[in-house]
There are 2 protein chains.
Amino acid sequence: MKAKLPSMRRVAVIGVGMSPFIKQTQRTLAELGVEACHAAIKDSGISPKDVGVLYCANVHTDAGFLHQDCLGEDIASRVGVANCEITNVENACSGGSTAVRRTWYDIGMGMYDVGIALGVDSMTRAIKKGTLLSRGLDDIDASLGMTMPTFAALVMRRHMAQYGSTPEQFAKVSVKNHRNGALNPYAQYQKEFTVEEVLNSRMVCDPLTLYMICPYSDGAAAIVLCAADKVAQYTTHPVWMAGSSLKSADYFQNEKNLVASGMGERASAEAYEMAGLGPKDLDLVELHDAFASTEIANIEDLGLCPRGEGGILTQEGATEIGGRIPVNPSGGLLAQGHPLSASGVRQICEITWHLRGQAGKRQVQGAKVGLAHMEGGMVAGLQSGVCGINIVTL
Amino acid sequence: MKAKLPSMRRVAVIGVGMSPFIKQTQRTLAELGVEACHAAIKDSGISPKDVGVLYCANVHTDAGFLHQDCLGEDIASRVGVANCEITNVENACSGGSTAVRRTWYDIGMGMYDVGIALGVDSMTRAIKKGTLLSRGLDDIDASLGMTMPTFAALVMRRHMAQYGSTPEQFAKVSVKNHRNGALNPYAQYQKEFTVEEVLNSRMVCDPLTLYMICPYSDGAAAIVLCAADKVAQYTTHPVWMAGSSLKSADYFQNEKNLVASGMGERASAEAYEMAGLGPKDLDLVELHDAFASTEIANIEDLGLCPRGEGGILTQEGATEIGGRIPVNPSGGLLAQGHPLSASGVRQICEITWHLRGQAGKRQVQGAKVGLAHMEGGMVAGLQSGVCGINIVTL
């Protein structure tokens, strides 16, 4: 890709909104999406009729085609924005990042002036007990036991062996994120844990314990994006999309090793170049911490510290609110919750609140630049994955 | 939307390929997609490493997230194009049209030079007997019996009442499309029927009979798109994307009536304007004929004849191969088959073959301009829908 296309307009985030991320199995996907869209539209000051394009990210349709295809069109019709261009996207954990990127792109290219990026998923509806272990019918690796928690446990074990990181350092990721979550009224878990409590919680996939793994969550998040030349009509406090990238990879064929994601490195390099910024310019990062081990690995993919030093960075407190580079001030997926496709959009809500100075008790003081990172979809036996990154600035 | 963006490059279709559209429940979605991608890549002359972007349209994941999310990433890794930007899209019947549009757009805007648009679905895997009647949990209309065949039957009855069209005219749609399908080696049904056989086939949803309804199909289609300035590296017989549109609508709130789709009219108007062409310039049309009644309605939405005269146009033979404006020379969804997300891509394969003079016994002689139309997703109680149109020229 050309890192920066000369004809692009600047695009602002002018409205953000979300539903709570909790277990709410009784609510439909449409209900969750409508709640998030209403909140984002209200926050933005737009009228629904102004919306030219909408992307809806979703993995967990209520039961496949027969129960809920065209989820975006359905939600759009319920919030009065049906007469626009609507596309449903799915990219596993990176679906929300994809919706943000695509809405930004259409507006930046001049196709539309105002758009909505929406993400919604319901894990409690989609996941039947035990089925987390099953994957595609032709998926040998999963049949042999290579599931998401297994993979994350291997990442942790490999990081410990290769770089000398310790279980306590991984536990500190959970401690930090739950401490942040306790300050976030939108978080699924608002309770602090000690390192000992994390290490002594139930062993799920050695060495990963229960409190190092994100919960099942149901929820939605939405943002309103707007072309620079139209922003003044709606808001006096825009924040700006500064860089974006989406990279896929054939994991086992092309990645370097378990603890370094080549697609994460490539995506962050492209997004940094587009934004004209580097890791040192970031004031906060929201990244994919479905497991404590992936936070450590992703910190390194993003260049927040040298490879192998993510555990030390965490131990030293540099990733805490008030530290050198706060990571997951929201509480991250571990405490905030993780309705897959919603998370990449929810991260932009969180960063926007910090950049506006509206993040309450978890406010990163003086934040001017935030990066949102999601990675996942290492499905079909972890063969293939996708990483989405969006950078937002004041 | 701005109908034509001044900074866009021309984009060519340089390769097309598909799997058979038949009942092949034993094959996975990935296998079907790989077959189509291999065929399109071979036809195009590109190397897999040239691919910068891939869109994969799919509704029927093998069983929701747990069995096959990131289908596009999975297929891409199996054909050697994993290290690019991949997005899975879903827009019901218009999913394939969406994948084509989005690949065209990214290349046209200069983001990438070569891309693949892929559509794949398996209806026999997704649809359990009887479940076609069920929709979203909060879907009142479907619970009351408003399903796709019911809707199509209402369209047919309303068209007959409003314009005096006859059951024989609708039956002639099926007769024509099955006659075309009999000439198409890729068609699911390669057998001719008479008007009497169509009218006397089993009554499904009065006045719609079984042979007026498309079959359950499993299959995939793929095309390779390329920026104008790179085409000469790969092929001497490109065809060109000339216009594209994707429009959604809140059906019951905004559409005029059952037989005229406002989103179909708006999408075709926009695509015609972008191409600088009108209905009279078309040499062939591939359109959404999941039901014989929708072919008649869609003929009118596209302006191939005045509103209400679609039945007469069909009766007169104008839509046959060799007629004034051949419609569905492939056999359409009725005979070709309809694996939902594959169809909008398959239509571009068909039009490309005609424009190259490679359509065999069903060749539309001297064809220079073709239009592909898909409409669907009138789900969640038919509240919301989406129409995708792409125009291709020599």
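So, the overall build of chain A
Scanning chain A from N- to C-terminus turns up 15 helices and 11 strands. Residue burial in chain A is summarised as follows: out of 394 residues, 65% are buried. Restricting the contact set of chain A to residue pairs at least 6 apart, pairs at least 24 apart contribute 78%.

Examining helix α15 (residues 340-356) of chain A
Residues and elements named next belong to chain A. Taking 1.5 Å of rise per residue, 17 residues should cover 24 Å, and α15 covers 26 Å from first to last C-alpha, within 8% of that figure. Of all 17 residues in α15, 16 are buried, a share of seventy percent or more. Gly357 sits one or two residues past α15 and shows a positive phi near 75°.

Topic: the pairing of strand β3 (residues 85-90) of chain A
Residue and element names in this part refer to chain A. Among the 6 residues that make up β3, 6 are buried, leaving the element largely enclosed by the rest of the structure. On β3, burial covers both faces: Glu85, Thr87 and Val89 on one face and Ile86, Asn88 and Glu90 on the other are all buried. Both strand β2 (residues 53-57) and β3 contribute to a ladder of 5 bridges, which runs parallel. If you follow Leu54 over to β3, its bridge partner there is Ile86.

Focus: helix α8 (residues 167-181) of chain A
All names here are of chain A. The end-to-end C-alpha distance of α8 is 21 Å, a good match for the 21 Å that 15 residues give at a rise of 1.5 Å each. The buried fraction of α8 is high, at 12 of 15 residues. Along α8, the positions that sit buried rather than exposed are Gln169, Phe170, Ala171, Lys172, Val173, Ser174, Val175, Lys176, Asn177, His178, Asn180 and Gly181. Contacts from the buried residues of α8 go to α7 (148-163), α9 (195-200), α12 (292-301), α13 (310-315) and α14 (332-336).

So, the nonpolar core
If you look at the biggest cluster of nonpolar residues, it comprises 256 residues, and the most contacted ones within it are A:Leu118, A:Ile223, B:Leu118 and B:Ile223. Among all residues touching B:Ile223, those that are not within four sequence positions of it are B:Val13, B:Gly15, B:Val16, B:Ala40, B:Val100, B:Ala117, B:Val345, B:Ile348 and B:Cys349.

Things to note about the confidence of the model for chain A
Residues and elements named next belong to chain A. Summary statistics for chain A give a mean pLDDT of 90 and a share of 88% for residues scoring 70 or more. Note that pLDDT drops below 50 for residues 62-67; the model gives that stretch 25 contacts with residues more than four away or on any other chain. This model gives residues 129-138 a pLDDT under 50, and the stretch forms 25 contacts once residues within four places in sequence are excluded. Scored as a whole, the predicted complex attains pTM 0.94, and scored at its interfaces, ipTM 0.93.

Observations concerning the environment of B:Ser77
Tracing the backbone through its elements, the reader meets B:Ser77 in helix α3 (residues 71-78). B:Ser77 gets classed as buried once you count the C-beta atoms within 10 Å, which come to 27.

A closer look at unusual backbone geometry
Peptide bonds are, in most cases, trans, and in most cases residues other than glycine have a negative phi. Cis geometry marks the peptide bond from A:Asp206 to A:Pro207; its omega dihedral reads 10°. Here A:Pro207 lies in the loop between β5 (203-205) and β6 (208-209). The residue B:Ala92 is not glycine, and still its phi comes out positive at about 50°. In this structure, B:Ala92 sits in the loop between β3 (85-90) and α4 (95-108). Here B:Ala92 falls in the buried class, since 25 other C-beta atoms lie within 10 Å of it. A positive phi is found at B:Asn328, a non-glycine position, where the angle reads about 55°. Topologically, B:Asn328 is positioned in the loop between α13 (310-315) and α14 (332-336).

Things to note about the packing of α8(A) against α12(A)
All names here are of chain A. The interhelical angle for the contact between α8 and α12, taken along N-to-C directions, is 100°, at an axis separation of 8 Å. Comparing the axis directions of α8 and α12 gives the class roughly perpendicular. For the pair formed by α8 and α12, the contact residues are Phe170, Ala171, Val173 and Ser174 on the first element and Ala292, Ser293, Glu295 and Ile296 on the second. Grouping the amino acids of the contact of α8 with α12 by side-chain chemistry returns 5 nonpolar, 2 polar and 1 charged.

Let's talk about the packing of α7(A) against α12(A)
Residue and element names in this part refer to chain A. Where α7 meets α12, the axes come as close as 8 Å, and the angle between the chain directions of the two elements is 60°. Relative to α12, the element α7 is oriented oblique. In this structure, α7 meets α12 at a crossing whose hand is left-handed. For the pair α7 and α12, the contacting residues are Ala152, Val155, Met156 and His159 in the first and Ser293, Thr294, Ile296 and Ala297 in the second. Taken together, the residues that form the contact of α7 with α12 break down as 5 nonpolar, 3 polar and no charged.

Calculation notes
- Residues numbered from 1 in each chain as written.
- Chains lettered and ligands numbered in written order.
- Predicted model: local features only at pLDDT ≥ 70, side-chain atom pairs only at ≥ 80, totals over all residues.
- Helix = DSSP H or I, 4+ residues; strand = E, 2+ residues; numbered from the N terminus.
- Buried ≥ 20, exposed ≤ 12 C-beta atoms within 10 Å, placed from the backbone.
- Contact = placed C-beta atoms within 7 Å.
- Expected span 1.5 Å × (residues − 1).
- Pairing = 2+ DSSP bridges.
- Core = buried A, V, L, I, M, F, W, Y, C linked by C-beta atoms within 7 Å.
- pLDDT = per-residue confidence, 0-100.
- Axes fitted to C-alpha atoms, helices over the stretch in contact; angles between N-to-C directions.
- Parallel < 35°, antiparallel > 145°, perpendicular 65-115°, else oblique.
- Nonpolar A, V, L, I, M, F, W, Y, C, P; charged D, E, K, R; others polar.
- Left-handed = near helix turned anticlockwise from the far one by under 90°.

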